[in-house]
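Residue-level structure breakdown
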Amino acid sequence: MLSEIYTSGATRICRVATSTTGKVCEKSQNRPSTPCRYDSKNEAMASSSNAQTGKTAARPKVLKADQLDKLPDVAALEQLALKTTMSPEDPALRRAQLLVYDAWGARDARSRNALAKRALKLSPFCADAWTILADASGLTPDEKGSYLTRAVAAGALSLGPGGFEEFAGHFWGFHETRPYMRARERLSHHLWTCGLRKDAIAEIEDMLLLNPGDNQGLRYTLLSWLLHQGDDTRVDALLAKQNDDEGAFLSWTRVLMALRAGEESKALSLMKSEAMSANSHIGTELTRPKPSIKPSRGYYTLGGKDEAETYVKLYGFAWIQTPGSLEWLKELPKRT
């Protein structure tokens, strides 16, 4: 059930780092971020969200004996971690990660899932293996959430006692932290999809504290989500904090926010100095009667039309919601 995400066990493992004694402890004052954040009230939030949308919670399907119900939950992972001296250098964890690499290259889902299960038998702290299983077909949102919560827990525990203190501020820069960061990003997207949007945003913001360099491009997701929430104050704060990022996504959104503030001269200046240099195709894509959004290839070319299509997919709604912005873009050639 989705409620498993919000149990006290999940709260403990998601809110805390492991102490030097190996026990799971509450967040210390010198740690800038937490592995994950949940509390029991979010279960009520999920129920309220379902009620507002008229949806009823999906009944969990009966799982096969070798699947979710036979795998260690968050509490069991905690107990296993207490019984061993966990470290990213653990031989079993390393062998499990090698199986994950094989799974990523597998030609079909059946082979990929089989390799992930083998990896978990070697080490239940292999976060990437949990994440692979979260992609299995036929899972309910609750089941997917359970897999992803365990992935985050496994990733946090795999770093060993003191791992968060050691790597904080430089996550992703150390390969040992990447399974955890991948799992937590996936969980944030799952929370967003389930309607727990504030929690999803909080996850991304915490991850940016762990890795201010943002190798994963989380700031772009956060920007889109804050715009969806209509939180212009935090959008402006994010853009100001990322003032050295003059890429297309942030540059064009700075133009948008200037228009929202009624500062057309500033918007025009930003358009000339940043936005058009970053990607000259975005204005055309935004003002098309029907944007030419194609299926994502998982990557795009900086300054290319495919980047423009990606921008429209992520942020086009915010331009549509801003009165006069698209008309301003259409009149832009006359202003320049």
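Above this text you will find the structure in question.
All values derive from a computational prediction rather than experimental measurement.

So, the overall build of the protein
Of the regular secondary structure elements, the protein holds 18 helices and zero strands. The burial tally for the protein puts 50% of its 336 residues in the buried class. Contacts in the protein between residues far apart in sequence, at least 24 positions, make up 66% of those at least 6 positions apart.

Details of helix α9 (residues 178-193)
Its 16 residues give α9 an end-to-end C-alpha distance of 23 Å, which sits within 8% of 22 Å, the value for a rise of 1.5 Å per residue. Those residues of α9 that fall on the buried side of the exposure criterion are Pro179, Tyr180, Met181, Ala183, Arg184, Glu185, Leu187, Ser188, His190, Leu191 and Trp192. Residues of α9 that are buried in the fold lie against α4 (91-104), α6 (127-133), α7 (141-158), α8 (163-167), α10 (197-210) and α11 (218-228). Two residues or fewer after α9 comes glycine 195, characterised by a positive phi angle close to 95 degrees.

Considerations on a nonpolar patch on the surface
Side chains of Leu98, Tyr101 and Trp104 sit close together on the surface and give an oily, nonpolar patch of about 350 Å² of accessible area. Mapped onto the secondary structure, tyrosine 101 falls in helix α4.

Points about the packing of aromatic side chains
Following the criterion strictly, the structure yields 13 aromatic pairs and no others. Relative to tyrosine 311, the ring of phenylalanine 249 lies with its centre 6.0 Å away and its plane at 45 degrees, an arrangement referred to as tilted. Of this pair, phenylalanine 249 sits in helix α13 (residues 248-260) while tyrosine 311 sits in helix α16 (residues 305-320), and the two are 62 residues apart along the sequence. Accessibility expressed as a relative area gives 4% for phenylalanine 249, which makes it buried. You can call tyrosine 311 buried: its relative accessible area is 0%.

Cut-offs applied
Residues numbered from 1 in each chain as written. Predicted model: local features only at pLDDT ≥ 70, side-chain atom pairs only at ≥ 80, totals over all residues. Heavy atoms only, no water. Helix = DSSP H or I, 4+ residues; strand = E, 2+ residues; numbered from the N terminus. Buried < 20%, exposed > 50% of the residue type's maximum accessible area, 1.4 Å probe, protein only. Contact = heavy atoms within 4.5 Å. Expected span 1.5 Å × (residues − 1). Patch = residues over 30% accessible without salt bridge, like charges linked within 9 Å, V, L, I, M, F, W, Y side chains within 5 Å. Areas by Shrake-Rupley, 256 points an atom, 1.4 Å probe, with all protein chains shown as cover. Salt bridge = Lys/Arg side-chain N within 4 Å of Asp/Glu carboxyl O. Phe/Tyr/Trp six-rings, centres within 6.5 Å; stacked < 30°, edge-to-face > 60°.

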